[in-house]
Structure formats: structure tokens, C-alpha cells
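Here are the chains, one letter per residue:
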Amino acid sequence: MKNLINIIQNSSKVAIVTHTSADGDALGSSFGIALALEGMGKKVSVFLEEPVPKMLNFLPGQHLVAEYKGEFHDLCICVDTSDMKRLGERAEIYSNAARKITIDHHTTNNMQADGLWIDESAAATGEMIYKLIKALNVDISRDIAINLYTAIVTDTGGFRYSNTTPESHLIAADLLSRNVPFTDIIKKVFDTVSYSKMVLMKKTLDNLTLHFDGKVAVSYLLYDDIKSVDAQTDDFEGLVNVGRNLEGVEVSLFLREEQPGVFKGSLRANEYVDVAQIASVFSGGGHKRAAGFSMAGGLEETMEKVLSEIGKVL
Ligand SMILES: [Mn+2]
């Protein structure tokens, strides 16, 4: 922390970067630290690969988003990112800066930095940014609090995931005391659904079937269904959980026809089935309870093949 503070205090032109497809923690951490540094009188720019997603467009600090034109920065701070590859086009901003700081909570981080702070026990990078801002002796404004609260609430799934700690709640409590509109934030990041996603959810429910005495749920979306609503990638997020959350289900399989005749499969297990092992049969991979694969073939054929592998494990 002393090292980080020293580097920050001796810098004046600071770039902030985070991973591609930036989520609530990535953006909340970026704008949180950016606003704090702006408050310290530094020239701060946040560089993003994509526009801020609609779901997160309420985050304060977006006036600091800039377009990189090859200018020099005496410091680049990279947040919530474990690997240079995840910086996409902006890797050069980080490599070209005179000094570099990386702040992250991923278990495997291989970034090079003058100031490297990795804390795997942090539920969100936002928790680390909170501690850093406190250590910098900068007042946590309402705008900073909105960013850090969003970072923590999204990475903990609304304090539901097992990464949530007593400290997550203590930090969130302090942030809430700064008049954070938490009901609005939670509604925006968890409950609000785009029309195209709602249509896809309806189709996913319509197509849901149960197998193996209700232990396995399968659903799918065909290429034409997806084309008909002009779906965005994040519209598919969580659709595999429709089946997974059904009482009695152990394994949920969700197939979406990415290209005609090519299915992207998502597998989720609740308690005991190792779905990574099942995915590996089809050259896929992932974690024990969450895995994926890609397979060419017709719908019936693909479903049968995967069901037969699930049956073996059950
Ligand atoms: Mn994170």
C-alpha cells in the first residue's frame, strides 16, 4: 500500500484501464479510482474497449472516458484484470506508461507492474479500491460510493455468492451511508431485462424439457429464434439458470445455435455432478459446476449425445 501511494502521489497524468467486456466491478473500480485521483488534482483518463453497457450507464465519472491518441502517461493503473491479453487494444497504453500499477482479485494474475497488489480474498476489486482511496486520504464522495457499491454488488451477485465476506458487508455499509441509491442500482443491474432477452427467456421456458426423473433440464434456442430478435451476447447470460433453478434439477443444459448447425452448449450443476468432465467429452471445458462446449450437428442429435454423457455420470 505504501508503495502504491508513493507511486500515485508522484504521478500527474494517469491512465486507467480494465479488461475488455468490462463488467460492474471493472467499470465501478475504474471510475471509482479515477474520480478519487481527479479529486487529488491529477489529469485522469479512463480508456475502455467498448462503450459502457446500458445496464451500467448510471455510473458517475464517465466524463473521464477518453480516446487514446498515443499520448504519454506517467502512470497507468490497471484494475480487475489478470492478463495483458484481456486489455485488448489498450495493452500498449499500459506498456507505454512510465510506471504501472495493477490492482486485482483474480487467483491467477500474471501482470508486470511497479506496484502490484493482488488480493484473492477480496470479493471485488472495488473493495480494494475502497481501501486504497481511504489510504490516499481522499474523501469517498457519493459518486465514488455509487461506483464502488456497484462493483461489490455485481461481483458478489448481490451478496449471494460464496466470495462474499464480512468485510464486503462492512465496506458496503460504509458506502451506503453516503446516500447511495441502492434500490435503483440493484434494479438496474439485476432485475431490468431488455425486450430481446425477455423474448429469448420465454422461448427458453417454452423449450424446456426434463429428463432422468427431473434431475436434468434441457432447453435450447434455434438460430432463427436468435436472429428474429437481434439478440446481443449478454441476452444469453443466465438462460442456463432457468433450468438449473428448477426444484429437483441437478444438471441444466442450454443449447444455442450460434451458426446454422453449430450449437454452443452451457452446462450447470447444482451439487454433485462434474460438468467440466462432460464438457471435455465434446472438447469443451470449465469448472466442476459450470462448463461449456461447442458442437456441430442437428438439435436432436446434439441433445441426445450430451444427454447420454450426462446419463453416464448420473
Ligand atoms: Mn472483479
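About the thresholds
- Residues numbered from 1 in each chain as written.
- Predicted model: local features only at pLDDT ≥ 70, side-chain atom pairs only at ≥ 80, totals over all residues.
- Heavy atoms only, no water.
- Phe/Tyr/Trp six-rings, centres within 6.5 Å; stacked < 30°, edge-to-face > 60°.
- Helix = DSSP H or I, 4+ residues; strand = E, 2+ residues; numbered from the N terminus.
- Buried < 20%, exposed > 50% of the residue type's maximum accessible area, 1.4 Å probe, protein only.
- Core = buried A, V, L, I, M, F, W, Y, C linked by side-chain atoms within 4.5 Å.
- Contact = heavy atoms within 4.5 Å.
- Pairing = 2+ DSSP bridges.
- Axes fitted to C-alpha atoms, helices over the stretch in contact; angles between N-to-C directions.

A few words now on the packing of aromatic side chains. Taken as a whole and judged by the stated rule, the model has 3 aromatic pairs. With 5.6 Å between their ring centres and 80° between their planes, phenylalanine 47 and tyrosine 68 make a pair best called edge-to-face. Taken together, the positions of phenylalanine 47 in strand E2 (residues 43-47) and tyrosine 68 in the loop between E2 and strand E3 (75-79) put the pair 21 residues apart, joining distant regions of the chain. Take phenylalanine 47: its relative accessible area is 1%, and that puts it in the buried class.

Judged by nonpolar contacts, the single largest core of 52 residues is most densely connected at Ile16, Ile33, Leu37, Ile77, Ile103, Ile133 and Leu175. Ignoring anything within four residues of it in the chain, the contact list for isoleucine 103 reads Leu4, Ile77, Cys78, Val79, Asp80, Trp117, Thr125, Met128, Ile129 and Leu132. Residues Leu267, Val275, Ile278 and Met303 belong to the second largest nonpolar core, which totals 23 residues.

On to the sheet that holds E3, then. If you walk across this open sheet you meet the 5 strands as E2-E1-E3-E4-E5, and the pairing is parallel. The sheet terminates laterally at E2 and strand E5 (115-118), the two strands that pair on one side only. On average, adjacent strands in this sheet sit at an angle of 15° to one another, irrespective of strand direction. Here strand E1 (residues 13-18) pairs with E2 via 5 bridges, running parallel. Bridge pairing in E2 links isoleucine 16 to valine 46. Across the sheet, helix H2 (residues 24-39) is in contact with E1, E2 and E3; its angle to E1 comes to roughly 170°.

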